Amino acid sequence: MDYFYLFLIAGVGLVFVILEFDKQQRRRVNSLLKNANDVQPLLMQRCMDQKLSRINTEINADTFHAHNNKELEASLKQITVDYNTGKISLPVYNNKLGELLDKLGRK
């Protein structure tokens, strides 16, 4: 009978330790998720950087006429200013860069 109470107390203590550990881990995960909420998606940001470098390379190349270059540069500058001031979100900015890249591919 003495062993029964010993195992009962040990079991209750073990369950208490496990529940406390679980609560602590949930708090850590929730704080991590709260902090990561404002982080931009990494893959979209990498794709955007690649598009920007391709657009800048094509604009600076001598294959386009001066008029087309100035028009595309003005569009790129306006889109970039809109994104930097917060008027458009990252997905919209990425889509607009894709449209500019398509324009470059057609000309």
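(A) Region of the structure containing the overall build of the chain. Scanning the chain from terminus to terminus reveals four helices and zero strands. Written out in order from the N terminus, the α and β elements of the chain read α-α-α-α. Burial statistics for the chain: of 107 residues in total, 19% are counted as buried. A separation threshold of at least 6 residues defines the contact pool for the chain, and within that pool the share at least 24 residues apart is 63%. Element-wise, carbon and sulfur atoms account for 59% of the exposed surface of the chain, whose accessible area totals about 8,700 Å².

(B) Structural context of the side chain of Asn94. Assignment of secondary structure puts Asn94 in helix α4 (residues 90-106). At 3.2 Å, the side chain of Asn94 forms a polar contact with the side chain of Lys51. Non-local contacts of Asn94, meaning those with residues more than four positions away in its chain, are made with Met44, Cys47, Met48 and Lys51.

About the thresholds
- Residues numbered from 1 in each chain as written.
- Predicted model: local features only at pLDDT ≥ 70, side-chain atom pairs only at ≥ 80, totals over all residues.
- Heavy atoms only, no water.
- Helix = DSSP H or I, 4+ residues; strand = E, 2+ residues; numbered from the N terminus.
- Buried < 20%, exposed > 50% of the residue type's maximum accessible area, 1.4 Å probe, protein only.
- Contact = heavy atoms within 4.5 Å.
- Areas by Shrake-Rupley, 256 points an atom, 1.4 Å probe, with all protein chains shown as cover.
- Polar contact = N/O pair within 3.5 Å; in protein donor to acceptor, adjacent residues only side chain to side chain.

Function cannot be read off these values alone, since they describe shape.
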